[in-house]
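# What the coordinates show
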Amino acid sequence: MIDARDREIIEALQGGLPLVPAPYAQVAEILGMDEDALLYRLAELKSRGVIRRIAAAPNHYKLGMTSNGMTVWDVDDDRITELGARIGALPFVTHCYERPRALPDWPYNLFAMVHGADRDEVEAKRAEIAAILGDACRFKDILYSTRILKKTGLRLKAKG
Amino acid sequence: MTLDGTDRAILNRMQDDLPLVSHPYAAVAEELGIPESEVLNRLTRMKDARVITRFGPFFDAAAMGGAFCLCAMAVPTEEFETVLTKVNAHAEVAHNYERTHRLNMWFVLATETPEGIVGTADAIEWETGICVLRFPKLQEFFIGFRVAA
């Protein structure tokens, strides 16, 4: 859980970290606190997993990774944990989750994101996943992303 | 913009965690053997050119007592832009992608409470008249995140 001060800090940083030599000093000044106190709070939020990391989110398209596929698989429930871990460990898989099926429309319970310079590259990677899953997988599909419609990250709502 | 080797080295490094210190960019600059001012200039350029969509802390809504949920909708082509405006108007929609499937709109809800997911997804259904399928994560298998620039 987060307290009111944490919340102010998150609100101040959710738009991004300033690209200046001492970004935390700048944010601390806006919040009316010491830089050290802010760094301490942030370290604490990080140790609790509220902050996962402080990093750049690249635009895959602009990096030439113009082909982005969400591969989806219907994997035996008995084997999902073991196989999911193997798929998630593949170097070209950026995100991998077990999610609930939505029958009858959606039989898939394993989702793995794969990126490549073109669809042939993505298909080759997808074939590697299929080979690992073998007969533990019944149905499969791939959904290519054709447009980023929004990408802002988490936004806290202003509390009245 | 075209990225040169230095841009790529910076971008690869910046996809990993930045140290929590007073002068984090100086620390990265030293690791890479590039002046701090150049790291900052290049990062600013990449952000302005939207090669970097966002730079800063990544928050885990679940660790704050909230929740994330992947959602999908089958939006008729002729209604797509209208529905998109309604969906994106919700601050809880953290990102949204158009995908090649009958379920053609895929977005992630990030809310401060678990109930916020249901509330927002139901509101979107009400506003658009389209079913919002919900795919909360059951298990997470290693998140690599990084792509080689």
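Residues numbered from 1 in each chain as written. Chains lettered and ligands numbered in written order. Predicted model: local features only at pLDDT ≥ 70, side-chain atom pairs only at ≥ 80, totals over all residues. Heavy atoms only, no water.

## Re the overall build of chain A
Cut-off, in case you're wondering: A run of DSSP states H or I qualifies as a helix once it reaches four residues; a run of E qualifies as a strand once it reaches two. Both are numbered from the N-terminal end. Put simply, the radius of gyration uses C-alpha atoms, and a globule should come to 2.2 Å times the residue count raised to 0.38. Burial classification: accessible surface area is computed with a 1.4 Å probe over protein chains only, and a residue below 20% of its type maximum counts as buried, one above 50% as exposed, and the rest as partly exposed. The contact criterion used is simple: two residues touch if any of their non-hydrogen atoms lie within 4.5 Å.
Looking only at helices and strands, chain A features five helices and five strands. Along chain A, helices and strands appear, N-terminal first, in the series α-α-α-β-β-α-β-β-α-β. Rg of the C-alpha trace for chain A: 20 Å, well past the compact-globule value of 15 Å for 160 residues, more than 25% over. By principal-axis analysis of the C-alpha atoms, chain A measures approximately 60 × 35 × 30 Å. Residues counted as buried form 51% of the 160 residues belonging to chain A. Contacts in chain A between residues at least 24 apart in sequence constitute 64% of all its contacts with a sequence separation of at least 6.

## Topic: the domain arrangement of chain B
Going by this rule: What fixes the domain bounds is an automatic or database domain assignment.
Here chain B is partitioned into domain 1 (5-48) and domain 2 (62-135). For domain 1 of chain B and domain 2 of chain B, the distance between their C-alpha centres works out to 34 Å.

## Some words on the packing of helix α2 (residues 23-31) of chain A against helix α3 (residues 35-47) of chain A
Residues and elements named next belong to chain A. So the rule is basically this: Angles here are taken between N-to-C directions and fall from 0 to 180 degrees, while the axes themselves are lines fitted to C-alpha atoms, restricted in helices to the stretch in contact. An angle below 35 degrees is treated as roughly parallel, one above 145 as roughly antiparallel, one from 65 to 115 as roughly perpendicular, and anything else as oblique. When residues are grouped by polarity, Ala, Val, Leu, Ile, Met, Phe, Trp, Tyr, Cys and Pro land in nonpolar, Asp, Glu, Lys and Arg in charged, and all others, Gly among them, in polar.
At their nearest, the axes of α2 and α3 sit 8 Å apart, and the two run at 100° to each other. By the angle class used here, α2 and α3 are roughly perpendicular. Residues Y24, A25, V27, A28 and L31 of α2 form the contact with α3, whose own contacting residues are E35, L38, L39 and L42. Grouping the constituent residues of the contact of α2 with α3 by class yields eight nonpolar, no polar and one charged.

## Comments concerning the pattern of salt bridges
Two side chains with opposite charge may pair up if their charged atoms get near one another. For clarity, the threshold we go by: Criterion for a salt bridge: a side-chain nitrogen of Lys or Arg within 4 Å of a carboxyl oxygen of Asp or Glu.
A full pass over the atoms with the stated rule returns 27 salt bridges over all chains. Between R7 of chain A and E112 of chain B there is a salt bridge, and its shortest N-O distance comes to 2.7 Å. One end of the pair, R7 of chain A, is in helix α1 (residues 4-13); the other, E112 of chain B, is in the loop between β4 (105-111) and α5 (114-128), on a second chain. A single salt-bridge network, built from bridges that share partners, covers D3, D6, R41, E44 and R48 of chain A.

## Comments concerning the packing of aromatic side chains
Selection rule: Here a Phe, Tyr or Trp ring, Trp counted by its six-membered ring, pairs with any other such ring whose centre lies within 6.5 Å, and the pair is stacked when the planes are under 30 degrees apart, edge-to-face when over 60, and tilted otherwise. By definition here, charges over rings are those cases where NZ of Lys or CZ of Arg is within 6 Å of the ring centre and within 35 degrees of the ring normal.
Inspection of the entire model under this criterion finds eight aromatic pairs over all chains. A centroid spacing of 5.2 Å and a plane angle of 55° characterise the contact between W106 of chain A and W106 of chain B, whose relative ring orientation is tilted. Linking W106 of chain A in the loop between β3 (93-98) and β4 (110-116) with W106 of chain B in strand β4, this pair reaches from one chain into another. Their ring planes at 55° and their centres at 5.6 Å tell us that W106 of chain A and F135 of chain B sit as a pair that is tilted. Taken together, the residues W106 of chain A in the loop between β3 and β4 and F135 of chain B in strand β5 (residues 133-135) connect one chain to another. In textbook terms, an aromatic cluster arises when at least three aromatic residues are bridged by ring pairs, as seen for W106, Y108 and F111 of chain A together with W106 and F135 of chain B. The ring centre of Y97 of chain A lies 4.4 Å from the NZ or CZ of R99 of chain A, which sits over that ring. The ring of Y144 of chain A is capped by R119 of chain A, whose NZ or CZ atom sits 3.9 Å from the centre of that ring.

## Here we look at the nonpolar core
Stated formally: By nonpolar core we mean a set of buried residues, namely Ala, Val, Leu, Ile, Met, Phe, Trp, Tyr and Cys, connected to one another through side-chain atoms within 4.5 Å.
In terms of nonpolar packing, the biggest core is built from 37 residues, with L38 of chain A together with M14 of chain B touching the most fellow members. Elements supplying a minimum of two residues to this core: α1, α2, α3 and β1 (51-58) of chain A together with α1 (5-14), α2 (24-32), α3 (36-48) and β1 (52-59) of chain B. Beyond its immediate chain neighbours, meaning those up to four positions away, L38 of chain A contacts I9, Y24, V27, A28, L31 and M33 of chain A. L83, F92, L133 and I142 of chain A belong to the second-largest nonpolar core, a separate cluster that totals 20 residues.

## Quick notes on the side chain of K150 of chain A
We count it as follows: Note that His is not counted, nor are the chain ends; the positive residues are Lys and Arg, and the negative ones are Asp and Glu. We call two N or O atoms a polar contact when they sit within 3.5 Å, provided that within protein one can donate a hydrogen and the other can accept it, with sequence-adjacent residues counted only if both atoms are side-chain atoms.
Looking at the secondary structure, you find K150 of chain A in strand β5 (residues 137-151). The buried charged residue K150 of chain A lacks any salt bridge partner; its closest oppositely charged side chain belongs to E92 of chain B, at an N-O distance of 7.4 Å. Polar contacts involving the side chain of K150 of chain A include one to the main-chain carbonyl oxygen of N88 of chain B, which spans 2.8 Å. Filtering out sequence-adjacent residues up to four positions away, K150 of chain A remains in contact with N88, H90, A91, V93, A94, H95 and N96 of chain B.

## Concerning the sheet that holds β5 of chain B
Applicable threshold: We treat two strands as partners when DSSP finds at least two bridges between them.
One open sheet holds the nine strands; their spatial order is β5(B)-β2(B)-β4(B)-β3(B)-β5(A)-β2(A)-β4(A)-β3(A)-β6(B), and the pairing between them is antiparallel. Every other strand in the sheet has two partners, leaving β5 and β6 (139-140) of chain B as the edge strands with one partner each. Summarising the sheet, strand β2 (residues 67-73) of chain B and β4 of chain B pair through seven bridges and their orientation is antiparallel. Paired with C69 of chain B across the strands is L109 of chain B, a residue of β4 of chain B.

## Quick notes on the interface of chain A and chain B
Heads up, the rule is: What gets called buried area is simply the loss in accessible area from a 1.4 Å probe that two parts show on being joined, summed for both.
If you look at the interface, chain A gives 76 residues, while chain B gives 73 residues. Surface buried jointly by chain A and chain B totals about 7200 Å² across both partners, of which 60% is contributed by carbon and sulfur atoms. When the area that chain A buries against chain B is broken down by residue, the three leading residues are L19, R53 and K150 of chain A, summing to 11%. Our enumeration of links across chain A and chain B arrives at seven salt bridges.

## A few points about the domain arrangement of chain A
Domain boundaries in chain A define domain 1 (4-47) and domain 2 (61-144). For domain 1 of chain A and domain 2 of chain A, the distance between their C-alpha centroids amounts to 37 Å.

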